[in-house]
Amino acid sequence: MQEIEYGESDRILKILTAERGLITAFAKHSMRLTSHLFAACGQLCYSEFVLRPGRNTEEKMYTVVEAGYETDFRDIAYSFEAQGVAMYMMEFTMALSLVEQPAEKELKLLMNCLYKICQKKTDPKIVKAVFELRMMCECGFMPQLLACRSCGAYDGDRFCLDVEDGCLLCADCAAKENKSCNLDKGALFAVRYICLIEDKKLFGFRISAGSAKLLYAAAEQYALAHMDKQLNSLKFLRSLSAWDPDQQSKKG
Ligand SMILES: [Zn+2]
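Keep in mind that this is a model prediction, so the values were computed, not measured.

Student: Can you walk me through helix α1 (residues 80-96) in this structure?
Tutor: Helix length check: α1, at 17 residues, gives a terminal C-alpha distance of 24 Å against a target of 24 Å (1.5 Å per residue), a fit within 8%. Taken across its 17 residues, α1 has 13 buried, putting it largely inside the fold.

Student: Sorry if this is basic, but what is going on with unusual backbone geometry here?
Tutor: Most peptide bonds take the trans form, and the phi angle of most residues other than glycine is negative. The phi dihedral of L44 falls on the positive side, at around 60 degrees, and the residue is not glycine. Among the structural elements, L44 can be located in the loop between β3 (21-27) and β4 (45-53). The phi dihedral of N178 falls on the positive side, at around 60 degrees, and the residue is not glycine. Assignment of secondary structure puts N178 in the loop between α4 (171-176) and β9 (183-184).

Student: I tried to follow the coordination of the zinc ion on my own but got confused; where do I start?
Tutor: Ideal geometry at a metal centre: 109.5 degrees between donors when four sit tetrahedrally, and 90 or 180 degrees when six sit octahedrally. Summarising the metal site, the zinc ion is bound by the protein donors C148 (SG), C151 (SG), C170 (SG) and C173 (SG), whose distances to it range over 2.3 Å. Around the zinc ion, the 4 donor atoms are arranged such that angles at the metal cover 101 to 119 degrees; this shape is classified as tetrahedral. Sequence spacing of the donors to the zinc ion: C-x2-C-x18-C-x2-C.

Student: Please explain the environment of K105 as it appears in this structure.
Tutor: Positionally, K105 belongs in helix α2 (residues 104-119). When the C-alpha positions of K105 and M135 are compared, they lie 8.7 Å apart, and in sequence the two are 30 residues distant.

Student: Mind showing me how you'd approach the domain arrangement of the chain here?
Tutor: Where interface size is quoted, it is often the accessible area lost as the parts come together. With domains assigned, the chain is organised as domain 1 (2-72) and domain 2 (76-241). Measuring from the centre of the C-alpha atoms in domain 1 to the corresponding centre in domain 2 gives 30 Å. Opposite the 16 residues of domain 1 that make contact, domain 2 presents 17 residues. Of all residues in domain 1, L16, L22 and L44 give up the largest surface area on contact with domain 2, accounting jointly for 43% of the area buried on that side. At the surface where domain 1 touches domain 2, the tally comes to 0 salt bridges. When contributions to the side of domain 1 that touches domain 2 are tallied by element, the ones reaching two or more residues are β1 (2-6), β2 (11-17) and β3. When its residues are assigned to classes, the side of domain 1 that touches domain 2 shows 7 nonpolar, 4 polar and 5 charged.

Student: Honestly, the pairing of strand β7 (residues 158-162) in this entry has me stumped. Any pointers?
Tutor: Both faces of the sheet carry side chains from a regular strand, because those side chains alternate between them. Of all 5 residues in β7, 4 are buried; the element is thus mostly enclosed. Here 2 bridges tie β7 to β9, and the two strands are oriented antiparallel to one another. Within the sheet, the bridge partner assigned to F159 lies in β9 and is L183. Where β7 and strand β8 (residues 167-170) come together, 4 bridges link them in antiparallel fashion. When the sheet's bridge partners are listed, F159 is paired in β8 with C170. Joining the antiparallel neighbours β7 and β8 is a turn of 4 residues, in which G166 adopts a positive phi near 65 degrees.

Thresholds applied
Residues numbered from 1 in each chain as written. Predicted model: local features only at pLDDT ≥ 70, side-chain atom pairs only at ≥ 80, totals over all residues. Heavy atoms only, no water. Helix = DSSP H or I, 4+ residues; strand = E, 2+ residues; numbered from the N terminus. Expected span 1.5 Å × (residues − 1). Buried < 20%, exposed > 50% of the residue type's maximum accessible area, 1.4 Å probe, protein only. Donors = N, O, S within 2.8 Å, 3.2 Å for Na, K, Ca; no water. Tetrahedral: all angles 85-135°; square planar, octahedral: opposite > 155°, others 65-115°. Domains from an automatic or database assignment. Contact = heavy atoms within 4.5 Å. Buried area = accessible area lost by both parts, 1.4 Å probe. Salt bridge = Lys/Arg side-chain N within 4 Å of Asp/Glu carboxyl O. Nonpolar A, V, L, I, M, F, W, Y, C, P; charged D, E, K, R; others polar. Pairing = 2+ DSSP bridges.

Shown next as structure tokens:
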């Protein structure tokens, strides 16, 4: 997975790898159509790389010796929203990933979510919410979801996912702490499901349109509470009027 900066015909790639996390690599002449690196070094590609470490070890810049194209996620171009969510998930994963630290789980989740968007069967907003919550869990920020932190209530029509403290509060306990409820029954079920289910069943839940709106908002708030960087792709997503349900209803 790469982010690309353009030179004349060379590219500097930011590659998210399973083994070494986020790395930077120089791909000489890879912008030339005749280059054997051209296809494998594109954005939203998944490729196999043979890399040579740079001479200056402090720079941590690799050189791409060989690159073999395996697959790509360019099918997301069917809508701005799908594209926007894909770019957001990529930027988000890269912002979280550290240099020279394995990122196998993060990469797997990202690929799984990109694949879902390509399939076009799942609303990109659902994919985004699943990605946000699950990524936080993979990075060690799983919220405490068993029951209300204060009184132990397990279920209820309205709950608060406290995004700062990473815990649940029932409506009564939330009111005592001057916090507002952001989940209904369906959204609470979905949050628990997404955080706790095994990988291969990650998208196996159903949710009503009303609960889904709450899920989108809570998942994003929770993820952004743990993200200390500005994400340009999020600005783009918010700029899409179709993204904003209020805008859309105003248009009728
Ligand atoms: Zn309570």
